[in-house]
Amino acid sequence: MSNQQVKITLPDGSVREYEKGVSGLQIAVSISEGLARNVLAAKVNGEVWDASRPILQDSSVQLLTWNDKEGKSTFWHSSAHLMAEALESLYPGIKFGIGPPIENGFYYDVDFGDKPLEGAELEQIENKMLELARQKNDYIRKDVAKKDAIAYFKEKGDEYKLDLLEGLADGSITFYEQGNFVDLCRGPHIPNTGFIKAAKLLNIAGAYWRGDEKNKMLTRIYGITFPKAKELEEYLHMLEEAKRRDHRKLGRELELFTFSEKVGMGLPLWLPKGTLLRERLVAFMKRAQDKSGYQQVTTPHIGHKVLYETSGHYEKYGKDSFQPIHTPNDGEEFLLKPMNCPHHCEIYKHKPRSYKDLPIRYAEFGTVYRYEQSGELHGLTRVRGFTQDDAHIFCRPDQVKEEFIKVIDLVLYVFKALGFEDYTAQISLRDPDNKEKYIGTDEAWNKAEASIIEAAAERGLETVTELGEAAFYGPKLDFMVKDALGRKWQLGTIQVDYQLPERFQLEYIGSDNQKHRPVMIHRAPFGSLERFVAVLIEHCAGNFPLWLSPEQITILPISEKFIEYAEQVKSILEDSDITGAIDNRDEKIGRKIRDAEVKKIPFMLIVGEKEQQEGMISVRKHGEGDLGAMRPEEFVSYFKGIIREAIAH
RNA sequence: GCCGACGUAGCUCAGGGGUAGAGUACUUCCUUGGUAAGGAAGGGGUCACGGGUUCAAAUCCCGUCGUUGGCUCCA
């Protein structure tokens, strides 16, 4: 074979020969014109390259389009450059920090000197971007010697790029140029600006240079772009929908929870309906846990400081927590409990344990308090007091994997029952280069990490692995769910822990009559009830599954003459644990229906003369309309059937 | 915690150096009704809080608190 040819392996496994120096774009042309029009970049041997970059050796090549995650991020990275070009032309002399793509769009950090950017100017920048995009300027890659790069940015007076250059080795430095804009950049980029057809700058925020508050604050401009105007419209529509579903808004409107300045920031007050919702979630989880061999325990809201010193939490988090509570006389110090595990360890210790007793699974809906940074508080998703659906499994080392798998099954059952069909799992391991952040021996860590990886594999979970994301005492498996709008939320967590049993000197007597150390598994399928409720609200837009709905029905008498009959119906339903109220206001039926629809009550039961005479109720379903008349008993069994189906295994 | 924006009735918001406004919700009355808003009247606000400027501050300035968009952090 001639050495002027390269073999290109495509994702479908086929191998084609091209002339040496062929580009991704040329390969695309040889496959189909449509692909050639859409190709944004090429993945060459696992590395994303410019579509125009020559390929000099045999390679496996994947052509990236808007449909690929990496295609999108290349597109947005190039869009950041386009925005920078627009900014530079509108505000000459500004300096640039970094401008990376992010999950949805991109940002660029910019130093505008002393004149701050106003929100109203964003539209002007968008227009300039689109104007520049229409010029279809190529993104041109250039290798640059370090000294030339430094000279360029010295001349320009951009100290941020000079700062970045310091960390780069000569020979690996590239510039990208499009139109009149040149930027230090590793790339890759899309072929030309013409691919960018729609742009929206979303918001402006401050961000410190290199994320360090000792440095100057730059103006960060967030934006998003699309290859089709219609996709931008859809995206903006999705943002509107997200706003409509915001749990803070729905929580207020549906009277689930509230906050009070007087009580304190980040401390939610659960209203009666919200409390009912919580209680239903708790009952559901308790039932599932009972079936899986858990036992409920109850522990106080405070504990001796010594307890948390023993666990290691005080050393790690004490300074940033709520400060200790001092007793009046004898200098004792108590902490508001920031987690339940130390208490559960002490319960384990209250009597000698045999290997035959294990595993022991202690569960508690324990309310914990953490002094989260004020700037981080957000609705119910980030609060200072919250209730975990916590449990700790104490088991023998040989039981770890089996127990871990059982917990995975429980988590998946919970997600399914609550309508989270789309989830991913993340294995969080310790950062091997930063071991001093963690407590415990290498041996224990290796064992713990191995059992998580094996258990996840055994259940066929699709996982991503993140180094450095472990808790300080052990590795974990976190579950991320995707909600109805495709947004990801971290919920459940499972953690293997060899450290706390050591620190609390937990023991059991083995079959060899010797003392052994049990292993702990921490787990919380919801994570916290607060966060879970928030995610659930946004997922279902406030239209809760029937079995969770705090107001499952409302009875709507046609006029006050039928209130008495409504009471009779209500008492029949109450006997079957169906909750709801009678709307006995002096309003017409149309009004009552409208209000019940707005309140997202699943069923409206209309009673008037006809129903009273025949002993029936007219059933109207939220969002669907009239289902016709039924006897109350018929409705009860229809209702129960829906619930049975929803939470069946 | 840091930077920016915001804070007027329960909610959504208008106004703006000199009697505080709307819609909706609430109360009362009329109406007794058939599947997404019947009519009328009425009550309700120290314009977040504390200072300052001014003859006069809800309005301008400063501070505090809170909310919010980010940054940093998250057992």
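One can find the structure itself at the top, above this paragraph.
On a predicted model such as this, the values are computed, not experimentally measured, just so you know.

Criteria and thresholds
- Residues numbered from 1 in each chain as written.
- Chains lettered and ligands numbered in written order.
- Predicted model: local features only at pLDDT ≥ 70, side-chain atom pairs only at ≥ 80, totals over all residues.
- Heavy atoms only, no water.
- Near = heavy atom within 4 Å.
- Polar contact = N/O pair within 3.5 Å; in protein donor to acceptor, adjacent residues only side chain to side chain.
- Helix = DSSP H or I, 4+ residues; strand = E, 2+ residues; numbered from the N terminus.
- Nonpolar A, V, L, I, M, F, W, Y, C, P; charged D, E, K, R; others polar.
- Contact = heavy atoms within 4.5 Å.
- Buried < 20%, exposed > 50% of the residue type's maximum accessible area, 1.4 Å probe, protein only.
- 1 Å grid on protein atoms, 1.4 Å probe; cavity = no way out; pocket = protein on both sides within 12 Å on 5 of 7 lines; lining within 4 Å.
- Points joined across faces, edges and corners; volume = space filled by probe spheres on them.
- Domains from an automatic or database assignment.
- Phe/Tyr/Trp six-rings, centres within 6.5 Å; stacked < 30°, edge-to-face > 60°.
- Core = buried A, V, L, I, M, F, W, Y, C linked by side-chain atoms within 4.5 Å.

Before going further, it helps to spend a moment on the protein's contact with RNA strand B. As a matter of local geometry, RNA strand B sits amid 48 residues, with Tyr208, Ser374, Glu376, Asp586 and Arg591 nearest to it. Between RNA strand B and isoleucine 558 there is a distance of 2.7 Å, counted from a base nitrogen to a backbone nitrogen or oxygen. Within the contact set of RNA strand B, a base nitrogen lies 2.3 Å away from a side-chain nitrogen or oxygen of glutamate 611. Elements with a contribution of two residues or more to the surface near RNA strand B: strand S14 (198-208), strand S15 (217-226), helix H8 (247-253), helix H11 (313-317), helix H18 (589-598), helix H19 (609-614) and strand S34 (617-621). It is H18 that contributes the most residues to the surface near RNA strand B, 6 residues altogether. Tallied by class, residues from the surface near RNA strand B come to 15 nonpolar, 13 polar and 20 charged.

Moving on: the side chain of threonine 65. Of note, threonine 65 is situated in the loop between strand S7 (59-64) and helix H3 (69-90). Contact partners of threonine 65, with chain neighbours within four places excluded, come to Leu35, Asn38, Val39, Leu40, Gly71 and Lys72.

With that out of the way, let us pick up unusual backbone geometry. Going from glycine 187 to proline 188, the amide bond is cis rather than trans, its omega being -5°. For arginine 210, which is not glycine, the phi torsion reads 60° and is therefore positive. You can see arginine 210 is positioned in the loop between S14 and S15. For glutamine 505, which is not glycine, the phi dihedral falls at a positive 55°. Counting through the fold element by element, glutamine 505 comes out in the loop between helix H15 (499-503) and strand S28 (508-509). Classification of glutamine 505 as partly exposed rests on a relative accessible area of 45%.

Considering all chains together, one arrives at 1 cavity of 30 Å³ or more under this definition. For the largest cavity, the calculated volume is near 40 Å³. What lines the largest cavity is simply Leu40, Asp50, Ala51, Ser52, Tyr139, His189, Ile190 and Pro191. Residue composition of the lining of the largest cavity, by class: 5 nonpolar, 2 polar and 1 charged. Mapping the lining of the largest cavity onto the domain boundaries places at least three of its residues in each of domain 1 (5-65) and domain 2 (70-236).

Summarising the element assignment, arginine 280 is placed in helix H9 (residues 272-291). Looking at arginine 280, its side chain comes within polar contact range of the main-chain oxygen of serine 549, at 2.3 Å. Ignoring sequence-local partners within four residues, the contact set of arginine 280 consists of Trp547, Leu548, Ser549, Pro550, Gln552 and Thr579.

With that out of the way, let us pick up the packing of aromatic side chains. The tally for this structure, following the rule as stated, stands at 32 aromatic pairs. Ring centres 6.5 Å apart and planes at 70° place the aromatic pair phenylalanine 415 and phenylalanine 420 in the edge-to-face group. Under the relative-accessibility criterion, phenylalanine 415 is labelled buried at 0%. With a relative accessible area of 1%, phenylalanine 420 lands in the buried category. Judged by centre distance (5.3 Å) and plane angle (85°), the rings of phenylalanine 603 and phenylalanine 635 are edge-to-face. Here phenylalanine 635 lies in helix H20 (residues 632-647) and phenylalanine 603 lies in strand S33 (residues 603-607), a separation of 32 residues in the sequence.

The next thing to look at is the nonpolar core. Judged by nonpolar contacts, the single largest core of 83 residues is most densely connected at Leu418, Leu477, Phe479 and Phe635. Examining the composition of this core, we find that 12 residues originate from one element, helix H13 (residues 400-417), more than from any other. Counting contributing residues, this core receives three or more from each of domain 3 (257-299 + 340-540) and domain 4 (553-646). Here leucine 477 is in contact with Phe404, Ile408, Ala425, Gln426, Ile427, Ile452, Leu461, Thr463, Gly492, Thr493 and Ile494, once residues within four sequence places are set aside. Residues Leu40, Trp66, Ile94 and Ala199 belong to the second largest nonpolar core, which totals 38 residues.

Purely geometric stuff here, so don't read any function into it on its own.
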